Amino acid sequence: MSKSTDSDVVTKGDIQGQSSSPKSFSHEYNSDSQSTELVQEQPKRSWRSYVWDTLDKSPEERRFLFKLDAVILTLASLGYFIKYLDQVNITNAFVSGMKEDLKLFGNELNYMQTCWTVGYVIGEIPSNLLLTRIRPSIWIPACEIVWAILTILLAKCKTTTQVYVLRFFIGLAESVFYPGMQYIIGSWYRKDELAKRSCIFHASGAIGTMFSGYLMAAVHKNLAGAGGFKGWQWLFIIDTVISLPIAISGFFLMPDLPEITKAWYFSADEIALAKERMRLEGRAPRAPYTKAKFKKIFSSWHIYLLTALYIFFNNGNGASGQPAFQLWLKSKGHSITEVNTYPTITAAITVITTLIYAWTSDTVFRGARWPPIVFSGLVNIVIYSSLAAWNIPDGWKWACFLLAGFGGGISGLTFAWAHEICGDDNEERALVTGTMNEMAYVIQAWLPLLIWQQVEAPVYHKGYMTSIFIAVAMIVTAFLIRFLHHKERANNLLTQEQNA
């Protein structure tokens, strides 16, 4: 198992009733180029680590991490930005004239979102398994280009059927990105670094949501009617123009995985350092798929409980995932600009809380992932209990829609937790993270059709009530995972002591 340094760490003292003997905290190795580097087996933790984790590392490791962060965080954040931009633009277009132009007066928006989700679900697990065999620097950018091209075609749609078909294939192409990049991040970073990078990556999706709202407001004001296109059509065109350069850059910058990287910006010593970091972390390299491996994966609690946790997270934030706020604002007579821009405050809160969750998890909670997850669940219970009542002051209703952003920031933590729990098996890690995202969207494919029906907007009583129970289930699942992981590590340590 991967080494752990959080507040739930299992020590020999947990089993023997006494402190373990001290051990060396450094490991020297030789790269193919005969250079020798120093990497800490157990990363230092001074006050500087609370600011940024690289500040307590050796100069060689800091230099390596600077390059790695510059490339991976840039590619991951920009890629997820355009992925979310091209995913949520349908909602901004819908409330900005598309509904009236295409005569979408039933539950067509729900069906458009469902078509995207079905495509996303079909592609996720196969795509993540392919990433263990195909270079990510080829597969991920190629899929980004496909969804960018499909997005611009939405501007020419005349019927709902055309929109449904395009949304399906956009979802299929986008399915590679989020679980794939989480897999790559988990292949390069150590425990004390992982949550911050995963959450910075995730926060870029909320920034994409914000930008889509601002972009729609600007397009509606300045481009509506230009070239014979409506404002909502221009949104799809501009999204593609933004997306294509970002997608193409991935072919040249994506670093793949430590054991197969050919990145031009890493030296041989730095590649050796990357491999050693993952060895010290217990993060296994790629290995063949075998019948025994699949049996091991599917007989473990990892894939089931981690997937359940992500299902509850992903389907428990309907007030921000559905156009509830926008449609309530529209029902109150707000302008199109206000309908598109006010909900971006919720996305901004998601960005801020995502970063707070990441930093506190890596520092204050010393690597524990469950405290922010439980906190966000408690906030959701308060918010959705209030919205389910509905007959509350408008001021509190505003607060609830804005504070819904607190629930959207824990995705990166759930993936960081999965990377740590499954760290000793690369293929399990790829399959579990792919399954987490896939099954969350399997539920999302049909659940909104039952509880977030467009014809019930903006009250959505069934949606708000369901979200309360989902938040409770998420909290219970987090505690159960914590208990089982703690028990598993204790058993592994006992086995190591017996074999020593």
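What counts and how
- Residues numbered from 1 in each chain as written.
- Predicted model: local features only at pLDDT ≥ 70, side-chain atom pairs only at ≥ 80, totals over all residues.
- Heavy atoms only, no water.
- Helix = DSSP H or I, 4+ residues; strand = E, 2+ residues; numbered from the N terminus.
- Buried < 20%, exposed > 50% of the residue type's maximum accessible area, 1.4 Å probe, protein only.
- Contact = heavy atoms within 4.5 Å.
- Areas by Shrake-Rupley, 256 points an atom, 1.4 Å probe, with all protein chains shown as cover.
- pLDDT = per-residue confidence, 0-100.
- Salt bridge = Lys/Arg side-chain N within 4 Å of Asp/Glu carboxyl O.
- Core = buried A, V, L, I, M, F, W, Y, C linked by side-chain atoms within 4.5 Å.
- Axes fitted to C-alpha atoms, helices over the stretch in contact; angles between N-to-C directions.
- Left-handed = near helix turned anticlockwise from the far one by under 90°.
- Nonpolar A, V, L, I, M, F, W, Y, C, P; charged D, E, K, R; others polar.

Chemist: Got a sec to walk through the overall build of the protein chain? Specific residues and values, please.
Modeler: For the protein chain, the helix and strand inventory stands at 20 helices and 2 strands. For the protein chain, the residues scored as buried account for 59% of the 500 residues in total. The long-range fraction of contacts in the protein chain, counting pairs at least 24 apart against all pairs at least 6 apart in sequence, stands at 80%. Here the protein chain displays about 19400 Å² of accessible surface, and carbon together with sulfur accounts for 66% of that area.

Chemist: Explain the confidence of the model for the protein chain residue by residue, including any values.
Modeler: Detail in the predicted coordinates should be disregarded across regions flagged by low pLDDT. Put simply, the protein chain has an average pLDDT of 82, and 88% of its residues get 70 or more. Taken as a whole, residues 1–37 scores under 50 in pLDDT and shows 90 contacts with residues more than four places along the chain or in a different chain.

Chemist: Before we move on, can you summarise the pattern of salt bridges with the specific residues and values?
Modeler: Within the structure shown, the criterion is met by 20 salt bridges. Between D69 and R197 there is a salt bridge, and its shortest N-O distance comes to 2.9 Å. Remark: R197 occurs in helix α7 (residues 191–222) and D69 occurs in helix α2 (residues 59–101); sequence separation between them is 128 residues. The residues D69 and R197 share a single accessibility class, namely buried. K330 is the partner of E100 in a salt bridge, and the nearest nitrogen-oxygen pair spans 3.7 Å. Within this pair, whereas E100 is found in helix α2, its partner K330 is found in helix α13 (residues 324–331), the two being separated by 230 residues in sequence. The exposure class of E100 is partly exposed, given its relative accessible area of 40%. By sharing partners, the salt bridges in this structure join K57, E61, D192, E193 and R277 into a single network.

Chemist: Describe the side chain of S467, naming the residues involved and giving the relevant values.
Modeler: Among the structural elements, S467 can be located in helix α20 (residues 461–499). With a relative accessible area of 1%, S467 lands in the buried category.

Chemist: Residues and numbers for the nonpolar core, please.
Modeler: Where a protein is soluble and globular, its nonpolar side chains tend to be buried together. Ranked by size, the top nonpolar core spans 126 residues in total, and within it M98, I184, W188, L387, F401 and Y464 carry the most contacts. No other element matches the 16 residues that α2 contributes to this core. Among all residues touching W188, those that are not within four sequence positions of it are F64, L68, I72, P255, D256, L257, P258, T261, F266, A274, R277 and M278.

Chemist: Report on the packing of helix α6 (residues 177–188) against helix α19 (residues 426–451), specifying residues and quantitative values.
Modeler: Close contact between α6 and α19 brings their axes to 9 Å; oriented N to C, the two are set at 145 degrees. For α6 against α19, the interelement crossing comes out right-handed. Two secondary-structure elements touch here, α6 through Y178, P179, Y183, G186 and S187 and α19 through N426, R429, A430, T433, G434 and N437. Of the residues assigned to the contact of α6 with α19, the class counts are 4 nonpolar, 6 polar and 1 charged.

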